[in-house]
Amino acid sequence: ENLVFNKTEEATDDMLQRTAYERACIDAKKKGLPPPRKPRGKPVNKPRVLFDYDKVEPKPALEPPTPSSDVAKNHVPNSYQNAKLTHEKIAAIRAKATTAGKDINIDYSQPSDLYPESFPHFVRGRDSLREYITSLFTSRIAIYDGAMGTMIQNYAKKNKLDEEEYRGEQFKDWSCNVKGNNDMLSITQPHVISGIYKEYLEVGGSDLIGTNTFSSTTIAMADYEMEDYAYELNYEGARLAREACDEVTAKDPTKPRFVVGAIGPTNRTASISPSVEDPAARNVTFDELVETYFEQVVGLVDGGSDILMVETIFDTLNAKAALYAVGEFLEFSGLDIPVFVSGTLVDQSGRTLSGQTGEAFYASIRHAKPMCVGLNCALGATHMVPFVEKLANCVECFVHVYSNAGLPNAMGGYDEAPEDMARNNKVFFENGWLNMVGGCCGSTPPHIKAIRECAEGYAPRKLPDVGRPKMWLSGLEDLVVDDVHNHLGLPFLNVGERCNIAGSIKFKKLMMAGDYGSAMDIAKKQVEDGAHVIDINVDDGMLDGLAAMQKFVKIAVTEPEVAKAPFMLDASKFEIVMAGLKWCQGKPIVNSISLKVGEELFKEQATLLKKHGAAVVVMAFDEKGQAADADDKVRICKRSYDILVDEVGFPPEDIVFDPNVLTIGTGMEEHADYGVAFINATKRIKECCPYVKVSGGISNLSFGFRGVTKIRESIHAVFLHHAILESGMDVGIVNAKEMLALDEVEPVLKVACENLVFNKTEEATDDMLQRTAYERACIDAKKKGLPPPRKPRGKPVNKPRVLFDYDKVEPKPALEPPTPSSDVAKNHVPNSYQNAKLTHEKIAAIRAKATTAGKDINIDYSQPSDLYPESFPHFVRGRDSLREYITSLFTSRIAIYDGAMGTMIQNYAKKNKLDEEEYRGEQFKDWSCNVKGNNDMLSITQPHVISGIYKEYLEVGGSDLIGTNTFSSTTIAMADYEMEDYAYELNYEGARLAREACDEVTAKDPTKPRFVVGAIGPTNRTASISPSVEDPAARNVTFDELVETYFEQVVGLVDGGSDILMVETIFDTLNAKAALYAVGEFLEFSGLDIPVFVSGTLVDQSGRTLSGQTGEAFYASIRHAKPMCVGLNCALGATHMVPFVEKLANCVECFVHVYSNAGLPNAMGGYDEAPEDMARNNKVFFENGWLNMVGGCCGSTPPHIKAIRECAEGYAPRKLPDVGRPKMWLSGLEDLVVDDVHNHLGLPFLNVGERCNIAGSIKFKKLMMAGDYGSAMDIAKKQVEDGAHVIDINVDDGMLDGLAAMQKFVKIAVTEPEVAKAPFMLDASKFEIVMAGLKWCQGKPIVNSISLKVGEELFKEQATLLKKHGAAVVVMAFDEKGQAADADDKVRICKRSYDILVDEVGFPPEDIVFDPNVLTIGTGMEEHADYGVAFINATKRIKECCPYVKVSGGISNLSFGFRGVTKIRESIHAVFLHHAILESGMDVGIVNAKEMLALDEVEPVLKVACENLVFNK
């Protein structure tokens, strides 16, 4: 319609675009390719978010933008006393100059009363030239001079001016020809130059004249071998102009004349290659240009210049170097000297020789705050008109033109007469485009006179009003960021990510191969696809980043289709971005700087970027790390803003904050709010930091969904829509080609994206992962020519679970933490502390082989029962229950633990000699290896040091409990020092010294008894982590070896007088489980009740142990040991621990502690938090009521503990959580409360994946027989992806060594995060096989299975062993007579098993899973027909009579007769499970989750058939 009736201007373009699309569809179909994306048509630009500062009306400008220096802003007059400028760099220039030693004048101040004070008079040293120029340029069009070269040529036509005259007397013997070196005439023929100056002043009427110094740089003078004369040439050129101006001014002081120090472009170009073969070649560097220009500036100012003019710019990078040099000089001198800048557009393209438009040229140099900007040379006035107009419409300062007298004729001369040139300039005056006018090549004093007369009566250009500042970037073309809309109509700057090694594998390969030409094609394609700015990042460990960045930029600036866009120079190392910046003629963005380097270096880097005129990305990092939540993002950005704007003077509009777009959809709860946190933070940052931009690397957001572009770009579309249009996000690093508009996202997918980005539902990540898997499967199916897979179901509605009477009991207040099942613990029997009576053979054997054997050592610590009063807070060993005492203490106040032993030993060593000799002591003086660093042995060799530290913590810190100096006192750790035999003695002495210190301090104040905590460290080996990168199944220690070493440690600690045992600094939970097993064995053998504490270590902000567990999973793995107190220590400072402590406090059933480090380590490995800092950082724990005990770890000292104690006073301790119905709590790397689970169909049911069971998967069996454990892991991962909550592992096969296979599988599986995050079900027909697997499993698994078919005694033995290991157990409905088939037998056997387990073994009922045998139906045999309904009915009865148990079954057994037809089998299962779960309370099943059907997915007719079969209707 539009085309036929010509309704719109775009009708033809729209139809051509659509035609190209249809043609591409035809081509794609022919080639078997997917169709291309449909054209969008012209987007409608959406409005940007406006903030209060956006609504301020522009105001009239009173002057051009001023430099940020105080002297410029305050219009401080230049003193013109240059002799006082003594900065070392200025002094060095003068010292090496050819004028050195000569008596030259460099001061030009004038008496303050020389002329009247009011404008138009001017006196140097009294008046601000900045103010004067503003008054002059706003009152009339000022007059500049004309061509120096033309006048010299004219002089030579009338007077002899050949080689001899150029040389003069001074250079008569010069080694090369110098004719043509016009600048040297200031030295050799000063009268000629002075005469020309005066002609322009007197005949032309110039207000300002340029110095004869166009080529007076070391670089340009190299053509004449006169580099050494650069300073003198500039000095003399300026001095002669100064004298001429002063002479003419004196004749008419109402028209002062000014010297403009002319700074030419040199004869080299920093942006253009001198070689057609090598676009990266250059014949000059930025730093070389800065050096040569700095020398020129010193000479010009010393010669008396009033103004500095960087002129005839054909390569803006040269000009940027000149302006950098000027800026350095002004900083070193403390002067305010106005700067003018004049560009040269070489032809009617309106571009410089290096390719920039006039607007881009201005955007590139405006950071230097020139007072006047304009154009000169190359063109006559007539040809300049469109370009002057554009410049006048955009420049914020004054504008000038000094054109040529037309274009050159065939002889190189200029034909425009004065009146012609004046007439051609008239258009500038009539349009009010200029504040200053002059002439360039071909112009003479008469030309200037004619132009002056023509300009009279015309008003000068008005300075544009001052509005809100905007970011103005440039490549070859300019780009005002605040006015941009992208190709989707969003007010958003697309920064192309594909020239970033981290953003494009293709680009990375090209860069590694050195194929810069093809890399340029990627850059061009990004611009074509909608990138406004090109991100350039060459960070890679295998690449020389410095060289690669420079080469890329040098080539890129020569490629017009690349260089037209501004660059984002992106690197992790600041020196790399700086190297790139020095080859970039435009105004780029530098990515990035941040406060993580500290304030001082941050300010240094920002100052340097400001001098170069770059915009900057500032990351939301500070000294403490990366901001993750909204508050931290805002806080760091606001702090950075205040420093940048208030202290550095950085333009706020050139600041781009990157508040860290972090990955969502990882499955980790702490990541779920990252998207919404960014969006919320963006708005707050924009509100409190006027004019800044907010950016982010958008691909980070969806990193977890990489490989599926549709999903990623849909997430991005939702995120960007809200971040841009609601919060004001301005910039993002994106793949513009793949971006989607919000209305292009599928409706269902859009909802899923909204849920994910805004963390609207707990299932958002799972839903998106499911959809991603589907999209990935669609891609694979398409490649293979297969039909598309089943579409994801979407979010299921969770169905209620069956409730039994015991589920309805209300929780009750806890009176104490959960107690171990021993009678002594449950009855609070006091420890007698008469350790000599502990004579169990294993304890006795430890003592007998110890190095203390035969020595008369005390191991009894009982106290007289009447030593102290009986009531709390007094305590007497042997009389009082420590379990009761700790409960009273921990519920009445926050108890105080000690701080770091290692830090205190280091501090002692700083003040006292503590070297190898002292570590050895007398006893070990001849030891066979070095022992310095073995702190535990100081308990033997330097006991006074250790006792002193103990007492300091007790007396200065006020600790209620102190840990023994035994962190490494195991045979395993002591092997490093060949001191394995001393393990018992080290523990004994470490505890004994602590016992003595505690008793001594307690005696001084018996109302505050002090207790010894036997410290049991992690050893230096890990049972869950392979020491070999080649072999994930390798281990350097076994569970049994750990149990043995820990048992010996426990005996020594208790014999030394420990009150409590603490398994601490757990980075591998399997080590901790071994330690707790050893503790349990000791308590069983000794018959004592000794409280156990457990302390985990989360190694970083992931909130996980080194072996990968979350804090909650760690607790679930060790809670079977019934620790009295659980908490976290080490690795992190208190601030970083906060979210993890909160999670632990919300789930732990016992008491909770923290003893954090004194912050994070500094670069030297030390800790910087002072006592008051550490106390303040711990305060959040007290305020929230999360703790019962607090202390310190690495970096903490008694003063730290004292400060923490004082801070904790007055805060109530954590209340024990109420005691509700017990639940099964499993763990892998993550925890899983079985009673709270719903599966992917919304059923309250635990999916146990069957595919890692040799009996359940032929593929798995083949892989295991072949020893292909890697591929077997892929099956395990797939099960978790498909919905398995638990992975069943069964390697039972007569042809396989089950013991070895189970161990190897588990050892590898625990190292695979996507497998190990799920708990395991260890499944075998032989009990020794599941036990072997159990000893390699750090989490809490289910063991499948035991039963009464082995007899009661062995059944109880097996159950007792599993209880000690903390495993849940499947109990089969078998007894000595065989398998239960009917409902009554199922219930009978399960009830008998339950009574034995709960009443006799003390097995937790919630950890019992009964399997009443799912047997096969549909066999045609009548006796099998009721097997389905019998299981369903038995399930309900078992659940009723066996409180808290689970009921499970192998579901595939049910339909075994229909194998080979998945649809039939899964339909039968769907009907069976629906009734078994929702009517009878079945909890668990071994299933193929991927194939499971919901009841409503079963075809109606088939459903009826299944109902009939299952219920034998």
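Quick caveat: nothing in here was measured; it's all calculated off a predicted structure. (Residues numbered from 1 in each chain as written. Predicted model: local features only at pLDDT ≥ 70, side-chain atom pairs only at ≥ 80, totals over all residues. Heavy atoms only, no water.)

Trainee: Looking at this structure, how should I read the pattern of salt bridges?
Mentor: Any two side chains of opposite charge can pair if their charged atoms end up close together. Considering all chains together, one arrives at 103 salt bridges under this definition. As a salt-bridge pair, Lys 251 and Glu 202 come within 2.9 Å of each other at their nearest N and O atoms. Note that Lys 251 is positioned in helix 10 (residues 230-251) and Glu 202 in helix 8 (residues 190-204), a separation of 49 residues in sequence. Relative accessible area serves as the criterion here: at 57%, Lys 251 is assigned to the exposed category. Linked through salt bridges whose partners overlap, the residues forming this network are Asp 54, Arg 468, Asp 482 and Lys 693. (Salt bridge = Lys/Arg side-chain N within 4 Å of Asp/Glu carboxyl O. Helix = DSSP H or I, 4+ residues; strand = E, 2+ residues; numbered from the N terminus. Buried < 20%, exposed > 50% of the residue type's maximum accessible area, 1.4 Å probe, protein only.)

Trainee: I tried to follow the side chain of Ser 1227 on my own but got confused; where do I start?
Mentor: Structurally, Ser 1227 can be placed in strand 29 (residues 1225-1227). For Ser 1227, a relative accessible area of 2% corresponds to the buried category. Here the side chain of Ser 1227 touches Ser 1117 through a polar contact of 2.7 Å, side chain to side chain. At 2.8 Å, the side chain of Ser 1227 and the backbone nitrogen of Lys 1340 are in polar contact. Excluding residues that lie within four positions of it along the chain, Ser 1227 makes contacts with Gln 1109, Ala 1113, Ala 1116, Ser 1117, Pro 1319, Gly 1339 and Lys 1340. (Polar contact = N/O pair within 3.5 Å; in protein donor to acceptor, adjacent residues only side chain to side chain. Contact = heavy atoms within 4.5 Å.)

Trainee: I would appreciate a short explanation of unusual backbone geometry in the present structure.
Mentor: Negative phi characterises most residues that are not glycine, and trans characterises most peptide bonds. Here Phe 119 and Pro 120 are connected by a cis peptide whose omega angle stands at 15 degrees. Summarising the element assignment, Pro 120 is placed in the loop between helix 3 (88-96) and helix 4 (129-139). That bond from Asn 1344 to Ser 1345 is cis: its omega, 15 degrees, falls within 30 degrees of zero. Summarising the element assignment, Ser 1345 is placed in strand 34 (residues 1342-1346). For Thr 312, which is not glycine, the phi torsion reads 55 degrees and is therefore positive.

Trainee: Looking at this model, I keep getting lost on the environment of Gly 261. Mind explaining?
Mentor: Its place among the elements puts Gly 261 in strand 3 (residues 258-263). Take Gly 261: its relative accessible area is 0%, and that puts it in the buried class. Sequence spacing of Gly 261 and Met 309 is 48 residues, and the spatial spacing of their C-alpha atoms is 5.8 Å. Ignoring sequence-local partners within four residues, the contact set of Gly 261 consists of Thr 211, Leu 300, Ser 305, Ile 307, Leu 308 and Met 309.

Trainee: Mind showing me how you'd approach the sheet that holds strand 3 here?
Mentor: Whether parallel or antiparallel, the strands of a sheet pair through hydrogen bonds between backbone atoms. Taken in spatial order, the 8 strands of this open sheet run 1-8-7-6-5-4-3-2, and their pairing is parallel. The two strands at the open ends of the sheet, each matched to only one other strand, are strand 1 (142-143) and strand 2 (208-210). The sheet contact formed by strand 1 and strand 8 (residues 436-439) spans 2 bridges and is parallel. Within the sheet, the bridge partner assigned to Ile 143 lies in strand 8 and is Val 437. In this fold helix 11 (residues 286-302) packs onto strand 3 and strand 4 (307-313), with an angle of close to 165 degrees to the strand it touches most, strand 3. Lying over the sheet, helix 14 (residues 381-392) contacts strand 6 (372-380) and strand 7 (398-404), oriented at roughly 160 degrees with respect to strand 6. (Pairing = 2+ DSSP bridges. Axes fitted to C-alpha atoms, helices over the stretch in contact; angles between N-to-C directions.)

Trainee: Explain the packing of aromatic side chains to me, please; I cannot follow it from the model alone.
Mentor: Taken as a whole and assessed by the stated rule, the structure comprises 42 aromatic pairs. Look at Phe 875 and Phe 1011: their rings are 5.2 Å apart centre to centre, the planes differ by 75 degrees, and that puts the pair in the edge-to-face class. Here the residue Phe 875 occupies a position in the loop between helix 30 (841-849) and helix 31 (882-892), and Phe 1011 occupies one in strand 23 (residues 1011-1016), the gap between them amounting to 136 residues. For Phe 1011, a relative accessible area of 1% corresponds to the buried category. The interplanar angle of 50 degrees and the centroid separation of 5.9 Å between the aromatic rings of Phe 890 and Phe 1093 together place this pair among those described as tilted. With a gap of 203 residues between them, Phe 890 in helix 31 and Phe 1093 in strand 25 (residues 1092-1096) connect regions that are remote in the sequence. Pair check on accessibility: Phe 890 and Phe 1093 agree, each one buried. Through successive ring pairs, a cluster of aromatic residues spans Phe 119, Phe 122, Tyr 132 and Phe 258. Here Arg 1459 stacks its cationic end above the ring of Phe 1456, 4.3 Å away from the centre of that ring. (Phe/Tyr/Trp six-rings, centres within 6.5 Å; stacked < 30°, edge-to-face > 60°. Lys NZ or Arg CZ within 6 Å of the ring centre and 35° of its normal.)

Trainee: What should I look at first to understand the nonpolar core in this one?
Mentor: Nonpolar side chains tend to gather and get buried jointly when the protein is soluble and globular. By size, the foremost hydrophobic cluster in this structure holds 228 residues, and its most contacted members are Leu 208, Phe 329 and Phe 719. In terms of residue count, the dominant contributor to this core is helix 12 (residues 316-333) (10 residues). Setting aside residues up to four positions removed in sequence, Phe 719 forms contacts with Val 661, Gly 675, Phe 678, Ile 679, Ile 698, Leu 701, Met 729 and Val 757. Membership of the second largest hydrophobic core comes to 219 residues, among which are Val 931, Leu 986, Val 1310 and Ala 1324. (Core = buried A, V, L, I, M, F, W, Y, C linked by side-chain atoms within 4.5 Å.)

Trainee: Please clarify how empty space enclosed by the protein should be interpreted in this entry.
Mentor: A water-sized probe, rolled over the atoms, reveals where empty space remains. Applying the stated criterion across every chain, the model contains 5 cavities of 30 Å³ or more. Lining the largest cavity are Ser 474, Gly 475, Leu 476, Val 557, Ala 563, Ala 565, Pro 566, Phe 567, Cys 584, Gln 585 and Gly 586. A class-by-class count of the residues in the lining of the largest cavity yields 7 nonpolar, 4 polar and no charged. Surrounding the second largest cavity, Ser 1227, Gly 1228, Leu 1229, Val 1310, Ala 1316, Ala 1318, Pro 1319, Phe 1320, Cys 1337, Gln 1338 and Gly 1339 form its lining. Classifying every residue of the lining of the second largest cavity gives 7 nonpolar, 4 polar and no charged. (1 Å grid on protein atoms, 1.4 Å probe; cavity = no way out; pocket = protein on both sides within 12 Å on 5 of 7 lines; lining within 4 Å. Points joined across faces, edges and corners; volume = space filled by probe spheres on them. Nonpolar A, V, L, I, M, F, W, Y, C, P; charged D, E, K, R; others polar.)

Trainee: How should helix 37 (residues 983-1004) be read in this particular structure?
Mentor: Along an α-helix, a turn takes 3.6 residues, which lines up residues three or four apart on a common side. Its 22 residues give helix 37 an end-to-end C-alpha distance of 32 Å, which sits within 8% of 32 Å, the value for a rise of 1.5 Å per residue. Summarising burial for helix 37: 16 of the 22 residues are buried, a large majority. (Expected span 1.5 Å × (residues − 1).)

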